[in-house]
Amino acid sequence: MSLAWSTIALLVLLLPGLLFFVGLYLPERISRDVIPGGTLSQLGGIVLVAFFVHALLYSAVMSACGALPGLPCISFDLALSTFSPDLKGAASPATLDRNIGEYRWWILAYFLGTSAIGLLVGLVTGKLIIKGSFRFLAKHSWIYDLVDPDDGSFTLAYVLTNIRTDNRILMYRGFLQEYCFTPEGKISYLVLF
């Protein structure tokens, strides 16, 4: 039982990092076949972003703790006892239940706030990558030259195939609607209209 609750608590604590990467890819019109990087690098990024979001919001709440009336001061003693592998230092279920019941709306507001911060920071970072300010973060930055960030124009594409009939080669022409790239930066597929 303790292992299941600590796993759920850990996943909720990592939610801002996960939502950062969701927000990072929301502004793109490019489909993705694979997640960039490996699983461990993605997990490392999620943990890093979640740590900084929690540190930012924790320091903001702790600095406002005595200044704002009604704002409870955060104590991590009960939360850390949930992650304890042994039950010696763990808080009793009655204590946890009473604490969660008393501060349930503050806990919900905290997790909604950290999740919103993670999503918004990812969204802003994704928009800055597309616009060019953070283009150095993209693995294949030339892909973003095909995309108009404000959707004010279209990209005309000519696609040459290897289908031959006598002396003729089949060629398609149309406006790019959607496209996907392999991890090496090669075109996987195009959708023209």
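None of these values were measured; they are calculated from a predicted model.

S.K.: Account for the packing of helix α2 (residues 39–64) against helix α5 (residues 104–131), with residues named and values stated.
M.R.: Contact geometry of α2 with α5 gives a least axis separation of 10 Å together with a crossing angle of 125°. Here α5 runs oblique to α2, going by the angle between their axes. Handedness of the crossing formed by α2 with α5: right-handed. Of the residues in α5, those in contact with Val53, His54 and Leu57 of α2 are Tyr110, Phe111, Gly113, Thr114, Ile117 and Gly118. When its residues are assigned to classes, the contact of α2 with α5 shows 5 nonpolar, 4 polar and no charged.

S.K.: Tell me about α5, and please be specific about residues and values.
M.R.: Here α5 spans 40 Å end to end across 28 residues, near enough to the 40 Å set by a 1.5 Å rise per residue. Just beyond α5, the residue with positive phi is Gly132, at close to 115°.

S.K.: Let's hear about the nonpolar core: which residues, and what values?
M.R.: Listed in full, the 12 residues of the largest apolar core are Leu14, Phe20, Phe21, Leu24, Ile46, Val49, Ala50, Val53, Ile129, Ile130, Ala138 and Tyr144. For this core, the elements supplying multiple residues, two or more each, are α1 (2–25), α2 and α5. Excluding anything up to four places from it in sequence, Val49 contacts Pro16, Gly17 and Phe20.

S.K.: So what's going on with the pairing of strand β2 (residues 156–165)? Residues and values would help.
M.R.: Judged from the 7 bridges that link them, β2 and strand β3 (residues 168–181) form a sheet pairing that is antiparallel. Considered in β3, the bridge of Tyr158 is made with Arg173. The antiparallel hairpin formed by β2 and β3 contains 2 residues in its connecting segment, where Asp166 sits at a positive phi of about 55°.

S.K.: Got a sec to walk through the side chain of Thr114? Specific residues and values, please.
M.R.: Following the sequence through the fold, Thr114 ends up in helix α5. Polar side-chain contacts of Thr114 include one of 3.0 Å to the backbone oxygen of Phe111. Beyond its immediate stretch of four places on either side in the chain, Thr114 contacts Pro16, Val53, His54 and Leu57.

S.K.: Please provide a residue-by-residue account of a nonpolar patch on the surface, values included.
M.R.: Together, Phe154, Leu156, Tyr158, Leu160, Ile169, Met171, Phe175 and Phe193 make up a nonpolar patch on the protein surface, roughly 840 Å² of accessible area in all. At the level of secondary structure, the elements contributing two or more residues to the nonpolar patch comprise β2 and β3. For Ile169, the location among the structural elements is in strand β3. Judged by its relative accessible area of 37%, Ile169 falls in the partly exposed class.

S.K.: Quick one: what's the story with the packing of aromatic side chains, residue by residue and with numbers?
M.R.: In total, this model carries 4 aromatic pairs according to the counting rule given. When the ring of Phe20 is compared with that of Phe21, the centres are 5.2 Å apart and the planes differ by 85°; the resulting orientation is edge-to-face. Looking at Phe20, the relative accessible area reads 12%, which means it is buried. With 5.4 Å between their ring centres and 80° between their planes, Tyr110 and Phe111 make a pair best called edge-to-face. A relative accessible area of 15% places Tyr110 in the buried class. Exposure remark for Phe111: the relative accessible area of 25% places this residue in the partly exposed category.

Rules used throughout
- Residues numbered from 1 in each chain as written.
- Predicted model: local features only at pLDDT ≥ 70, side-chain atom pairs only at ≥ 80, totals over all residues.
- Heavy atoms only, no water.
- Axes fitted to C-alpha atoms, helices over the stretch in contact; angles between N-to-C directions.
- Helix = DSSP H or I, 4+ residues; strand = E, 2+ residues; numbered from the N terminus.
- Parallel < 35°, antiparallel > 145°, perpendicular 65-115°, else oblique.
- Left-handed = near helix turned anticlockwise from the far one by under 90°.
- Contact = heavy atoms within 4.5 Å.
- Nonpolar A, V, L, I, M, F, W, Y, C, P; charged D, E, K, R; others polar.
- Expected span 1.5 Å × (residues − 1).
- Core = buried A, V, L, I, M, F, W, Y, C linked by side-chain atoms within 4.5 Å.
- Buried < 20%, exposed > 50% of the residue type's maximum accessible area, 1.4 Å probe, protein only.
- Pairing = 2+ DSSP bridges.
- Polar contact = N/O pair within 3.5 Å; in protein donor to acceptor, adjacent residues only side chain to side chain.
- Patch = residues over 30% accessible without salt bridge, like charges linked within 9 Å, V, L, I, M, F, W, Y side chains within 5 Å.
- Areas by Shrake-Rupley, 256 points an atom, 1.4 Å probe, with all protein chains shown as cover.
- Salt bridge = Lys/Arg side-chain N within 4 Å of Asp/Glu carboxyl O.
- Phe/Tyr/Trp six-rings, centres within 6.5 Å; stacked < 30°, edge-to-face > 60°.

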